[in-house]
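A closer look at the structure
Listed below are the residues making up each chain.
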Amino acid sequence: MVSRSQSRASAEAAAWLARLQGDARTPAREAAFKDWLAADPAHQNAFERATDIWAALPGAAQLLDEPVARPKVVPIRRTWQRLPVAQLALAASLVLAVGVGIFLMLARPAAYSTAIGEQKVATLEDGSRIALNTDSSVEVRYDAKERLVELDRGEAMFEVAHNSARPFLVRAGDKQVRAVGTSFVVRREGGTVIVTLLQGKVSVTDIRPAATKPLPTYLNPGDRLRAPLEGPAQIDAQPADIATAWRRGQAMFSDTPLADAVIELNRYGGPRLIVDDPRLAGLRISGVFATNDTGEFARAVAALHGLRVEQVGQTMHIVR
């Protein structure tokens, strides 16, 4: 797959072909062109590919009013030789069309989403992977300087390919997570953002406009940061097996209020669980439950605490 940096270099090479034709070729422009070539070895290769397009289209010269010769590709260490004007014009237009077309195709954001109860794994162009949990949506924007993912809703686990020169950023609401090569989970619940670090190291920054730039918060493996829309963020511990239980089709609870456990299970679809009695909502729940069977969870809770399950249509009420 052609990378964004390669497609950008191809587009720039095509632009230089157009700039260096005819009267537009001045000493100042040639000096700028040499600086561009020297800035990155990929630029020389891109320009050679640009001129090779002409060589690959021998019949194209016959479309011009005057005969032209095949261009010479000049190494960066030699003085650049003037190319025929007509040839440069046609080669530039061809390369620009191809290069810009590829660049625009790659620059187009890629969107991935899941329905309620669905999970999906997407492998990105750099080898990074995104695993989407139920009812989640992300948009991926890669360019030469950064790898950006917007988490619009839901939850995703990120396994980031290492590239220190091209940071991996995840934005969820007003929070931004920065990673280089690591794995972590980001969850967006309304205005609350939860970041759990599994391996490596990440920083979490508030990106809302402010008079003073906020300092990033650095997480260590096993840290879970919960950042509400209002108020300070809090960090606690979250074992990796609990944070990633959904990847195995499970929900793991450890002394969790019943109300919170019900909210979690309802994310995955099926009959909707309801706890009408506020006194029952505070019952503590521990155990491992299948995310695709809310009925099993309701019956297990009822049996453990001497309760009943009443089903009304597509809802299951846990009652005394």
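Our subject in this report is the structure included herewith. (Residues numbered from 1 in each chain as written. Predicted model: local features only at pLDDT ≥ 70, side-chain atom pairs only at ≥ 80, totals over all residues. Heavy atoms only, no water.)

Details of the nonpolar core
What counts here: Here the nonpolar core consists of buried residues drawn from Ala, Val, Leu, Ile, Met, Phe, Trp, Tyr and Cys, with membership extended through side-chain atoms lying within 4.5 Å. Accessibility here uses a 1.4 Å probe with only protein chains present; expressed as a share of the type maximum, an area under 20% marks a residue as buried, one over 50% as exposed, and anything in between as partly exposed. Working definition: helices are DSSP H or I runs of at least four residues, strands are E runs of at least two. Numbering for both runs from the N terminus. Residue contacts follow a heavy-atom distance rule, with two residues in contact if any of their heavy atoms lie within 4.5 Å.
Membership of the largest hydrophobic core comes to 26 residues, with the highest contact counts inside it found for Ile130, Phe158, Phe168, Phe184 and Val186. Per-element tally for this core: the top contributor is strand 5 (residues 147–159), with four residues. Those residues in contact with Phe184 that lie beyond four places of it in its chain are Ala156, Met157, Phe158, Val160, Phe168, Val170, Val177, Ala179, Thr196, Leu197, Leu198 and Val202. One finds Phe253, Leu265, Ala281 and Phe297 within the second-largest nonpolar core, a separate group that totals 19 residues.

What about unusual backbone geometry?
Unusually for a residue other than glycine, Asp135 sits at a positive phi of about 50°. Position of Asp135 among the secondary structure elements: in the loop between strand 3 (129–132) and strand 4 (137–142). With relative accessibility at 32%, the residue Asp135 sits in the partly exposed group. Although it is not a glycine, Asp255 adopts a positive phi angle of roughly 55°. As for its placement among the helices and strands, Asp255 is situated in strand 14 (residues 250–257). Under the relative-accessibility criterion, Asp255 is labelled partly exposed at 45%.

Here's the deal with the pattern of salt bridges
For clarity, the threshold we go by: Salt bridges are defined by distance alone: a side-chain nitrogen of Lys or Arg within 4 Å of a carboxyl oxygen of Asp or Glu.
Evaluated as defined, the whole model comprises 18 salt bridges. Between Arg208 and Asp206 there is a salt bridge, and its shortest N-O distance comes to 2.6 Å. Arg208 gets classed as partly exposed once you look at its relative accessible area, which sits at 35%. It is possible to trace a salt-bridge network through shared partners that takes in Glu155, Arg187, Glu189, Glu264 and Arg267.

Re the layout of surface pockets
The method is simple in principle: a probe with the dimensions of a water molecule rolls over the atoms, and the space it marks as empty is what remains. For clarity, the cut-off: Only protein atoms enter the 1 Å grid used here, on which a cavity is any set of points holding a 1.4 Å probe that cannot leave and a pocket is any open set flanked by protein within 12 Å on both sides along at least five of seven lines; residues with an atom within 4 Å of a point are listed as lining. Grid points are joined across faces, edges and corners, and a volume is the space filled by probe spheres set on the points. Only Asp, Glu, Lys and Arg are considered charged in this grouping, and only Ala, Val, Leu, Ile, Met, Phe, Trp, Tyr, Cys and Pro are considered nonpolar; every other residue, Gly among them, is considered polar.
The computed volume of the largest pocket comes to approximately 780 Å³. Lining the largest pocket are 30 residues, with Arg187, Arg224, Arg226, Gln238 and Glu264 positioned closest to its centre. Those elements that place two or more of their residues in the lining of the largest pocket are strand 8 (183–189), strand 9 (192–199), strand 12 (223–227), strand 13 (234–237), helix 5 (240–243), strand 14 and helix 6 (258–266). Take the lining of the largest pocket: its biggest share by element is eight residues, from strand 14. Of the residues in the lining of the largest pocket, the class split is 14 nonpolar, six polar and ten charged.

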